[in-house]
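A look at the structure
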Amino acid sequence: MSDILEIKSLSKHFGKFVALDDINLTVKEGEFVSVLGPSGCGKTTLLRVIAGFIEETKGDVLIKGKSLKGISPENRPVNIVFQSLALFPMMNVYENVAFGLKRQKLDKKEIQERVFGMLSRVGLEGFEKKKINELSGGQKQRVAIARSLAMKPSILLLDEPLSALDRKLRERMKIELKELQKEIGTTFIYITHDQSEALVMSNRVAVMNKGHLEQVDTPRNLYKHPNTSFVAGFVGENNRFEIKEKSGEFITTQKGWTIKKPDLDFTPKVMFIRPEAFIVEPASELKNLFRFEGVITNILFDGANTKMSVTVDNEKEILVSLPQNAKFQNLKENDKVSLGVGFNNIKCYKE
């Protein structure tokens, strides 16, 4: 696949506030790339610079090798699906999808072909005459996407389009949106603060923090091999431990838990262990484990994702995934439990 989008040394300042700080990102044609980060990290500013609504302070944005400097939003080969969807309630589905095409003054036959073709591809064939207020939340979402894709953009920008949906619909739409993007093949740049959306749908995820990119990687690598403490703490559930001191082969956390130090060439300041990395009642023959005892303080039942919080020494609320095994289903609060964690599952960082 060839590169379709290049973001080169992009910065955006609002007075003294740096919203984007030297962003570099390349996206290949047909990729689904999510920009993930907390509120205020700069991800929507990045989208608006790509779309042309905001002018960059430094750097450049190129699509298919062509700089977008000085090109107005309506003349850029991108389209955008907003969080609010921005559908016209006084128009029916056909009129909403055809709106941009009519503004381009395309002939009636081509408009009809594009509208009917796109509605078929998003699963809304036969909905042409329905009013917007007659549609479900998921159907409205697909109308907004069909309206954007009917314009044949090189890149579709999506600004947290699922955030207003209820949880069940949002889960279903994640799968539908991923399948739709694979079928149509248009490059998607998806803005979200929801890590589940980013991990489930994307080929790659760009994690943003305070205006810069922390890591750009596949969802699996982000989860398994976070490069920074921010990514480790932001992507997926994690137990974070501030490290107070290091002595010989051991490190001690701020709350007094002493654990054998992984093989490192630096002095760690913070340590992360994912809930599923802990082994409950580990077999004696398992090697390369740090073993310890704890007391269960809470059982957090959530079906297949049940967890328990365990107190170890003076450490509070260590979150441990409870195995889906009948052997462990009778564990309860105040029970003592043996735990182990492999040294390769302990992630340490300088800060």
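An account of the accompanying structure is given in this report. The structure presented is a predicted model; accordingly, all values stated were derived computationally and were not measured.

In this section: the packing of helix α2 (residues 93-103) against helix α3 (residues 108-121). Between α2 and α3, whose axes approach to 10 Å, the crossing angle comes to 130 degrees. Relative to α3, the element α2 lies oblique. With respect to the hand of their crossing, α2 and α3 are arranged in right-handed fashion. Along the contact surface, α2 presents Val-93, Tyr-94, Val-97, Ala-98, Leu-101 and Lys-102, while α3 presents Ile-111, Gln-112, Arg-114, Val-115, Phe-116 and Leu-119. Its residues assigned to classes, the contact of α2 with α3 shows nine nonpolar, one polar and two charged.

Pairing is antiparallel across the open sheet formed by five strands, whose spatial order is β13-β12-β11-β14-β20. Two strands close off the open sheet at either side, each with one partner strand: β13 (258-260) and β20 (347-349). With strand direction ignored, the average angle separating the axes of adjacent strands in the sheet is 40 degrees. Both strand β11 (residues 239-247) and strand β14 (residues 270-273) contribute to a ladder of four bridges, which runs antiparallel. Bridge assignment links Arg-240 to a residue of β14, and that residue is Phe-272.

For the rest of this paragraph, the subject is the packing of helix α4 (residues 137-149) against helix α5 (residues 167-184). How two helices pack is summed up by the angle between their axes together with the distance between the axes. Where α4 contacts α5, the two axes come as close as 11 Å, and the packing angle between them is 25 degrees. Taken together, the axes of α4 and α5 lie roughly parallel to each other. Once α4 is placed against α5, the crossing between them reads as right-handed. In contact with Gly-137, Gly-138, Gln-141, Arg-142, Ile-145 and Leu-149 of α4, α5 contributes Leu-169, Met-173, Glu-176, Leu-177, Leu-180 and Ile-184. Its residues assigned to classes, the contact of α4 with α5 shows seven nonpolar, three polar and two charged.

The residue Gly-40 is located in the loop between β3 (32-36) and α1 (43-51) in this model. Assessed through its relative accessible area of 73%, Gly-40 is described here as exposed. Along the sequence, Gly-40 and Lys-105 sit 65 residues apart, while their C-alpha atoms lie 39 Å from each other.

Right, let's get into the environment of Lys-336. With respect to the helices, strands and loops of the structure, Lys-336 is situated in strand β19 (residues 336-342). Under the relative-accessibility criterion, Lys-336 is labelled exposed at 70%. For the pair Lys-336 and Ala-98, spaced 238 residues apart in the sequence, the C-alpha separation amounts to 65 Å. Sequence-distant contacts of Lys-336, that is, excluding residues within four places in its chain, are made with Glu-281, Gly-294 and Val-295.

Conventions used here
- Residues numbered from 1 in each chain as written.
- Predicted model: local features only at pLDDT ≥ 70, side-chain atom pairs only at ≥ 80, totals over all residues.
- Heavy atoms only, no water.
- Axes fitted to C-alpha atoms, helices over the stretch in contact; angles between N-to-C directions.
- Helix = DSSP H or I, 4+ residues; strand = E, 2+ residues; numbered from the N terminus.
- Parallel < 35°, antiparallel > 145°, perpendicular 65-115°, else oblique.
- Left-handed = near helix turned anticlockwise from the far one by under 90°.
- Contact = heavy atoms within 4.5 Å.
- Nonpolar A, V, L, I, M, F, W, Y, C, P; charged D, E, K, R; others polar.
- Pairing = 2+ DSSP bridges.
- Buried < 20%, exposed > 50% of the residue type's maximum accessible area, 1.4 Å probe, protein only.

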